[in-house]
Amino acid sequence: MVEWTATERTHIEAIWSKIDIDVCGPLALQRCLIVYPWTQRYFGSFGDLSTDAAIVGNPKVANHGVVALTGLRTALDHMDDIKATYATLSVLHSEKLHVDPDNFRLLCDCLTIVVAGKMGKTLRPEMQAAWQKYLSAVVSALGRQYH
């Protein structure tokens, strides 16, 4: 179980209050698929992902970005039991979808870049530290079934 200070919780909530899931979710997944093209192999049913423009214009990519970020947001309401919250998703991604667990970290890194771009100087280092801790806890929980 991850221990959270009141200040960390406040920082994480503040960051989430600035995130528009319908905007940031697609941007984060698009960035991930473009920057780390090997992650595209899990999205073969999404159609054309052959160019940056195709990825950015792909409605299935945008929709899945929203789904992924909505799932990530779930942890905010379950910060004291993140591992249990993501147990089912961990099994799905490891046993059925066979997703490389490092891809969760890559997507979260891309999300951090998107969030930093949206928040600018208001994303102070101590806020980012709490955010990174939050994302690391989620990535660990999603990868738990792999261990």
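Refer to the preceding data block for the structure.
The following refers to the structure shown.

Scoring rules and cut-offs
- Residues numbered from 1 in each chain as written.
- Predicted model: local features only at pLDDT ≥ 70, side-chain atom pairs only at ≥ 80, totals over all residues.
- Heavy atoms only, no water.
- Phe/Tyr/Trp six-rings, centres within 6.5 Å; stacked < 30°, edge-to-face > 60°.
- Helix = DSSP H or I, 4+ residues; strand = E, 2+ residues; numbered from the N terminus.
- Buried < 20%, exposed > 50% of the residue type's maximum accessible area, 1.4 Å probe, protein only.
- Lys NZ or Arg CZ within 6 Å of the ring centre and 35° of its normal.
- Contact = heavy atoms within 4.5 Å.
- Salt bridge = Lys/Arg side-chain N within 4 Å of Asp/Glu carboxyl O.
- Expected span 1.5 Å × (residues − 1).
- Polar contact = N/O pair within 3.5 Å; in protein donor to acceptor, adjacent residues only side chain to side chain.

### A look at the packing of aromatic side chains
Both the distance between ring centres and the angle between the ring planes are used here to describe each pair of aromatic rings.
Okay, so step 1: Under the counting rule described, the total for this entry stands at five aromatic pairs.
Okay, so step 2: Taking 6.3 Å as the distance between ring centres and 75° as the angle between the ring planes, the aromatic pair formed by Trp-16 and Tyr-134 counts as edge-to-face. Of this pair, Trp-16 sits in helix α1 (residues 6-18) while Tyr-134 is found in helix α8 (residues 125-142), placing the two residues 118 residues apart along the sequence.
Okay, so step 3: On the basis of relative accessible area, Trp-16 is assigned to the buried category, the value being 5%.
Okay, so step 4: You can call Tyr-134 buried: its relative accessible area is 0%.
Okay, so step 5: Ring pairing ties together the aromatic residues Trp-16, Trp-131 and Tyr-134, which thus form one cluster.
Okay, so step 6: We note Lys-133 situated over the ring of Trp-4; from NZ or CZ to the ring centre the distance is 5.1 Å.

### Observations regarding the side chain of Gln-30
Okay, so step 1: Mapped onto the elements, Gln-30 comes out in helix α2 (residues 21-35).
Okay, so step 2: For Gln-30, the residues in contact, after removing those within four places along its chain, are Ile-55, Val-56 and Val-61.

### Concerning the pattern of salt bridges
Okay, so step 1: Tallying each qualifying case throughout the model produces five salt bridges.
Okay, so step 2: In this structure, Asp-77 engages Arg-73 in a salt bridge whose closest nitrogen and oxygen atoms are separated by 3.4 Å.
Okay, so step 3: Classification of Asp-77 by relative accessible area gives exposed; the value is 57%.
Okay, so step 4: The partly exposed category is assigned to Arg-73, whose relative accessible area is 27%.
Okay, so step 5: Taking the shortest distance from any N to any O, the salt bridge between Arg-124 and Glu-126 comes out at 2.7 Å.
Okay, so step 6: Arg-124 gets classed as partly exposed once you look at its relative accessible area, which sits at 37%.

### Description of α2
Okay, so step 1: Look at α2: 20 Å from first C-alpha to last across 15 residues, which is about the 21 Å you get at 1.5 Å a residue.
Okay, so step 2: Of all the positions in α2, only Cys-24, Gly-25, Pro-26, Ala-28, Leu-29, Gln-30, Cys-32 and Leu-33 are classed as buried.
Okay, so step 3: Elements in contact with the buried residues of α2: α3 (52-56), α4 (59-73) and α7 (102-119).
Okay, so step 4: Measuring from the side-chain oxygen of the N-cap residue of α2 to the backbone nitrogen of Asp-22 gives 3.0 Å; that N-cap residue is Asp-20.

### Thoughts on the environment of Ser-50
Okay, so step 1: Residue position: Ser-50 is located in the loop between α2 and α3.
Okay, so step 2: Here the side chain of Ser-50 touches Asp-48 through a polar contact of 2.5 Å, side chain to side chain.

### Some thoughts on α4
Okay, so step 1: Over its 15 residues, α4 extends 21 Å from the first C-alpha to the last, a length consistent with the 21 Å expected when each residue adds 1.5 Å.
Okay, so step 2: Those residues of α4 that sit buried are Val-61, Gly-65, Val-66, Leu-69, Gly-71 and Leu-72.
Okay, so step 3: The N-capping residue of α4, defined by a side-chain oxygen 2.8 Å from the backbone nitrogen of Lys-60, is Asn-58.

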